[in-house]
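Fold and geometry: a report
These are the residues of each chain, in order.
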2 protein chains.
Amino acid sequence: MAAQEVSNKQVILKDYVVGSPKESDMEFTTSKIALKVPEDCDGILVKNLYLSCDPFMRGRMTKPERASYVEAFTPGKPITGYGVSKVLDSQHPNFKAGDLVWGMTGWEEYSLITSAQSFFKIEDTDVPLSYYTGILGMPGMTAYTGFYEIGSPKRGECVYVSAASGAVGQLVGQLAKLAGCYVVGSAGSKEKVELLKSKFGFDEAFNYKEEEDLEAALRRYFPDGIDIYFENVGGKMLDAVLMNMKDHGRIPTCGMISQYNLQQHDGVHNLFNVVSKRIRMQGFIVFDHYHLYPKYLELILPQIKEGKVSYVEDVAEGLENAPSALIGIFAGRNVGKQLVVVARE
Amino acid sequence: MAAQEVSNKQVILKDYVVGSPKESDMEFTTSKIALKVPEDCDGILVKNLYLSCDPFMRGRMTKPERASYVEAFTPGKPITGYGVSKVLDSQHPNFKAGDLVWGMTGWEEYSLITSAQSFFKIEDTDVPLSYYTGILGMPGMTAYTGFYEIGSPKRGECVYVSAASGAVGQLVGQLAKLAGCYVVGSAGSKEKVELLKSKFGFDEAFNYKEEEDLEAALRRYFPDGIDIYFENVGGKMLDAVLMNMKDHGRIPTCGMISQYNLQQHDGVHNLFNVVSKRIRMQGFIVFDHYHLYPKYLELILPQIKEGKVSYVEDVAEGLENAPSALIGIFAGRNVGKQLVVVARE
């Protein structure tokens, strides 16, 4: 018997992007998909519920000149990214129809996932399901491994988080408070700065766009210097931070969103501080740390359920709004974790 | 009885230096010194034998605007630096007249050392005494701690050393060979490049001044990338290296000699590789690691005595040649470890 075919709306990358991505770099198409995994495939067929907009996706829009840590998108094909999905059919032993999962899916209504082994089955649904695109998904694990595994925090240390109201930053700040640190965040609007203080419990927060001299701003908030800088931004911010680090400081280097749309990245001039202050600047990618996911859930789920950790989402409704939601994160338009609702169940 | 007073020739820093230091930034003076430690001082009075010219001394010539990891020199006073000295008089329990020591002394014939606790007593004199300014002194410990403690080498890894014929670099290359690594060095002349291959056993070496495209040069020598970059240089070299690092590479960051005479350091543009390749870039200062000195001597002394490790020195004769020797290291004029003989005993 032939499988039922349905129409499948998709977001397509038209061509590789140079500079700032625009909505017009993407287009919609509608194809047909059978809601069944083919006989010879051990994958899963999913209905996509929530799609995640993440900064690393910008790198995937660039023409691949050298191998990077994530593959480039293929022009003419649907964009892919993290999402929460419902399994409609499975030939993979780990999953069955009806399961909720998160992992790397397509920007479309339905996806055939051929490498289902990288998906996580969602066991705990006593929290908003969309959280698995954020605090309970890749961004959450990024904050956790960057702060704890790379940052090696100690009680009483001084922590600075840039892009602090974003998907990762808001959680880093709260983890730092849980670890007994003093934490300051920066963001790009008054509203975001308010959120950092009122909602996420940052000790201090400032709007970097209102500071003429970032170095002086950081000196104001960290008169004795910074122990841990959770780096999301790069460029001028990193330069200002380097001048304000303490001896033996750590810089878990998560991303450099200020640089992603530039063809040549800004020069960083103050790296000699790495020597003189014995700084450890260490890049990390969450992929390498997913074995810690169960340990992380054990820590964070009770904190969420007891209301001790908050998570703010910026929700775009409908796949048709996905391109503008994605573009928005590079302009800082999102307040909190940007995601797209494709369907609620 | 009054102590014997002798004349004491000294090298004085005239004023803080901007840009490239010149011989004329220093001048000679002759004062008088009593060859006895004053009653109320628990120091040592030493005769200086060998003085060390080290890149970090450039930083001490700059007007201090913010606290740095080493104090600035005081204009009008003798320059200080590492040296090998003979104790003439001591009121410090660790030392007695006749002892040979190394530590931070003055650029002069005789010095009164008031903080003698930071000096090391030389126990093994079965090697050239001048080695205690180099392979058996601060540069040796710098190579050792940077390569082993910060670099975490594994057998078979690919190691790149810049400024490779210098006081630290020549030893890093040999330590890397002892550790079973593939090692390539760069230096700034044909003579130095020859030395790297013929004397120090580097697998490959190149003259960075003859390479139009440093990134391509490194790709030639490291087609699969670099695991450990021992960073002595900074600037453009670091940018080229970042493009050629392997995933999970380490950059023990020892110094950035290409930058020390610049008023604004060159911008480094390729730092995003720190994220995408999960690089650990870690600064270190040998001061923090001197507790490992006995362990290091245990490793290196037999290697030297068995002729398995070589050390090349560039020796300036006489205190009167000290300023030009020091200036020379910033222009790369030295071949091997630059030192000054003040007296041989």
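Because the structure is predicted, anything quoted here is derived from the model rather than measured. In this convention, every chain numbers its residues from 1, walking through the sequence in written order. Labels are handed out in written order, letters beginning with A for the chains and numbers beginning with 1 for the ligands. Only residues with pLDDT of 70 or above have their local features reported here, since the model is predicted, and side-chain atom pairs are shown and tallied only from 80 upward, although totals for entire chains, interfaces and linings are computed over all residues. As a rule here, side-chain values come from all non-hydrogen atoms in the structure, and water together with hydrogens is ignored.

As for the overall build of chain A
Numbering of helices and strands runs from the N terminus, with a helix taken as a DSSP run of H or I at least four residues long and a strand as a DSSP run of E at least two residues long. For chain A, the count of helices and strands is nine helices and 15 strands. Relative to a compact globule of 345 residues, whose C-alpha radius of gyration would be 20 Å, chain A shows 20 Å and is just as compact. Relative to all contacts within chain A whose residues are 6 or more apart in sequence, the contacts with residues 24 or more apart total 69%. Treating the 36 positive side-chain charges of chain A as one cloud and the 43 negative ones as another, the clouds have centres 2 Å apart. Just to be clear, the radius of gyration here is over C-alpha atoms, and the globule rule we use is 2.2 Å times residues to the power 0.38. Contacts are residue-level and defined by heavy atoms, with any inter-residue pair within 4.5 Å sufficient. We treat Lys and Arg as the positive residues and Asp and Glu as the negative residues; His and chain ends play no part in the count. In plain terms, the charge of a residue is placed at NZ if it is Lys, CZ if Arg, CG if Asp and CD if Glu.

Observations regarding the sheet that holds strand β8 (residues 158-161) of chain B
Strand pairing in a sheet is mediated by backbone hydrogen bonds. Such pairs are either parallel or antiparallel. Only strands joined by at least two bridges in the DSSP assignment are considered to pair. With respect to topology, 12 strands assemble into an open sheet ordered β10(A)-β9(A)-β8(A)-β11(A)-β12(A)-β13(A)-β13(B)-β12(B)-β11(B)-β8(B)-β9(B)-β10(B), the strand pairing being mixed. Edge positions in the sheet fall to β10 (204-207) of chain A together with β10 (204-207) of chain B, since each has one partner strand and no second. Taken over all neighbouring pairs, the strand axes of this sheet differ in orientation by 15° on average, direction set aside. Axes, fitted as lines to C-alpha atoms, cover a helix only where it is in contact. Angles between the N-to-C directions of the axes lie from 0 to 180 degrees. Contacting β8, β9 (182-187), β11 (226-230), β12 (245-253) and β13 (280-283) of chain B, helix α5 (residues 235-244) of chain B runs over the sheet at an angle of about 150° to β12 of chain B.

Details of helix α9 (residues 322-330) of chain A
Helical geometry note: an α-helix holds 3.6 residues per turn, so side chains three or four residues apart project in the same direction. All names here are of chain A. Relative accessibility thresholds used throughout: buried, under 20% of the residue-type maximum; exposed, over 50%; partly exposed, between the two (1.4 Å probe, protein chains only). Most of α9 sits out of view: eight of its nine residues are buried. Those residues of α9 not exposed but buried are A322, P323, A325, L326, I327, G328, I329 and F330. In this fold, the buried residues of α9 make contact with β1 (5-13), β2 (26-34), α1 (57-60), β14 (313-317) and β15 (337-341). Of the residues one or two after α9, G332 is the one with positive phi, at around 70°.

Points about helix α3 (residues 169-178) of chain A
Residues and elements named next belong to chain A. Burial analysis of α3 places eight of its 10 residues in the buried class, which makes it a mostly covered element. On the buried face of α3, the contacting elements are α2 (138-150), β8 (158-161), β9 (182-187), β11 (226-230), α8 (293-305) and β15. One or two steps after α3, the chain reaches G180, where phi turns positive at roughly 80°.

Some thoughts on the pairing of β10 of chain A
All names here are of chain A. With four bridges joining them, β9 and β10 adopt parallel strand pairing. Its bridge partner lying in β10, G185 is registered against A205. Clockwise travel from the first strand over the helix to the second, with the strands pointing away from the viewer, marks a crossover as right-handed. Once the chain exits β9 it traverses helix α4 (residues 190-198) before rejoining the sheet at β10, and the crossover so formed is right-handed.

Some remarks on the environment of G106 of chain A
Residues and elements named next belong to chain A. Mapped onto the fold, G106 is located in strand β5 (residues 100-106). Judged by its relative accessible area of 6%, G106 is buried. Between the C-alpha atoms of G106 and H265, which are 159 residues apart in sequence, the distance is 29 Å. With sequence-adjacent residues up to four places away left out, G106 is seen in contact with N48, L51, I79, T80 and S111.

Points about the relation of the copies chain A and chain B
The copies were overlaid by least squares, fitting only the C-alpha atoms of residues that reach a pLDDT of 70 or more in each copy. Mapping chain A onto chain B is achieved by rotating through 180° and translating by 0.0 Å along the same axis, at an RMSD of 0.0 Å. One copy is carried onto the other by what is essentially a two-fold rotation axis. Among all C-alpha atoms of chain A, that of G267 of chain A lies closest to the rotation axis, at 1.8 Å. Mapped onto chain B, 97% of the interface residues of chain A again fall at the interface, so both copies present the same surface.

Quick word on the interface of chain A and chain B
Taken together, the contact pairs 33 residues of chain A with 32 residues of chain B. Between chain A and chain B, roughly 2,900 Å² of surface is buried when both sides are summed, and carbon and sulfur atoms account for 60% of that area. Should a side-chain nitrogen of Lys or Arg be within 4 Å of a carboxyl oxygen of Asp or Glu, the pair is scored as a salt bridge. One can count two salt bridges joining chain A with chain B. Here D288 of chain A ties to R278 of chain B by a salt bridge, and the two come within 2.7 Å at their closest N and O atoms. Once two parts are put together, the accessible area they lose, assessed with a 1.4 Å probe and summed over both, is termed the buried area.

Things to note about empty space enclosed by the protein
Residues are said to line a cavity or pocket when one of their atoms sits within 4 Å of a point; the points come from a 1 Å grid over protein atoms alone, cavities being sets where a 1.4 Å probe fits but cannot get out and pockets being open sets with protein on both sides within 12 Å along at least five of seven lines. Grid points are joined across faces, edges and corners, and a volume is the space filled by probe spheres set on the points. This structure, assessed with the given rule, holds two cavities of 30 Å³ or more. Looking at the largest cavity, its volume works out to about 60 Å³. Surrounding the largest cavity, G235, M256, Q259, H265, D266 and V268 of chain A together with V268, H269, N270, L271 and F272 of chain B form its lining. Residues are grouped as follows: Ala, Val, Leu, Ile, Met, Phe, Trp, Tyr, Cys and Pro are nonpolar; Asp, Glu, Lys and Arg are charged; all remaining types, including Gly, are polar. Its residues assigned to classes, the lining of the largest cavity shows five nonpolar, five polar and one charged.

Re the domain arrangement of chain A
Residues and elements named next belong to chain A. What the domain assignment reports for chain A is domain 1 (5-134 + 311-341) and domain 2 (140-287). An automatic or database domain assignment provides the domain bounds reported here. For domain 1 versus domain 2, the separation of C-alpha centres amounts to 28 Å. Linking domain 1 to domain 2 there are zero salt bridges. Whenever a nitrogen or oxygen atom comes within 3.5 Å of another N or O atom, the pair is scored as a polar contact, on the condition that within protein one atom can donate a hydrogen and the other can accept it, and that pairs from neighbouring residues in sequence are kept only if both atoms are in side chains. At the boundary of domain 1 and domain 2, one finds six residue pairs in polar contact (both at pLDDT 80 or more). When its residues are assigned to classes, the side of domain 1 that touches domain 2 shows 11 nonpolar, six polar and two charged.

What about the side chain of N207 of chain B?
Mapped onto the elements, N207 of chain B comes out in strand β10. A distance of 2.9 Å separates the side chain of N207 of chain B from the backbone nitrogen of K209 of chain B, its partner in a polar contact.

Overview of unusual backbone geometry
All names here are of chain A. For A163, which is not glycine, the phi dihedral falls at a positive 50°. Along the chain, A163 turns up in the loop between β8 and α3. With a relative accessible area of 31%, A163 lands in the partly exposed category.

Side note on the packing of aromatic side chains
Aromatic ring pairs are described here by two measures, namely the spacing of the ring centres and the angle between the planes. Geometry of aromatic contacts follows a simple scheme: Phe, Tyr and Trp rings, the Trp one being its six-membered ring, pair when their centres are within 6.5 Å, and the pair is stacked under 30 degrees between planes, edge-to-face over 60, tilted otherwise. Applying the stated criterion across every chain yields a total of 36 aromatic pairs over all chains. Relative to Y290 of chain B, the ring of W102 of chain B has its centre 6.0 Å away and its plane inclined at 75°; by these criteria the two rings are edge-to-face. Of this pair, W102 of chain B sits in strand β5 (residues 100-106) while Y290 of chain B sits in the loop between β13 and α7 (293-305), and the two are 188 residues apart along the sequence. In this pair, the class of W102 of chain B matches that of Y290 of chain B, namely buried. Relative to F222 of chain B, the ring of Y160 of chain B has its centre 6.0 Å away and its plane inclined at 70°; by these criteria the two rings are edge-to-face. Taken as a pair, Y160 of chain B in strand β8 and F222 of chain B in the loop between α4 (214-221) and β11 lie far apart in primary sequence, 62 residues in all. Accessibility assignment for this pair places Y160 of chain B and F222 of chain B in one class, buried. Among the aromatic side chains, those forming a connected cluster through ring pairs are F56, Y82, W102, F120, Y290 and Y293 of chain A. Whether a charge lies above a ring is judged from NZ of Lys or CZ of Arg, which has to be within 6 Å of the ring centre and within 35 degrees of the ring normal. Against the face of F28 of chain B rests K9 of chain B, its NZ or CZ located 5.3 Å from the ring centre.

Notes on the side chain of K277 of chain A
Residue and element names in this part refer to chain A. Residue placement: K277 occurs in the loop between α7 (272-276) and β13 (280-283). Buried and without a salt bridge, K277 has D247 as its closest oppositely charged side chain, separated by 6.5 Å. A polar atom in the side chain of K277 sits 3.3 Å from the backbone oxygen of M245. When residues no more than four places from it in sequence are discounted, the contact partners of K277 are L242, M243, N244, M245, K246, D247, H248 and G249.

With respect to the packing of helix α1 (residues 138-150) of chain B against α7 of chain B
Two measures define how a pair of helices packs: the angle their axes make with one another and the distance between the axes. Residues and elements named next belong to chain B. The N-to-C vectors of α1 and α7 enclose an angle of 95°; their axes lie 11 Å apart at closest approach. Judged by the inter-axis angle, α1 sits roughly perpendicular to α7. Of α7, the residues touching α1 (which contributes G140, M141, Y144 and E149) are Y293, K295, Y296 and L299. Partitioned by chemical class, the residues of the contact of α1 with α7 number five nonpolar, one polar and two charged. In this scheme, roughly parallel covers angles under 35 degrees and roughly antiparallel covers those over 145, while 65 to 115 is roughly perpendicular and the rest are oblique.

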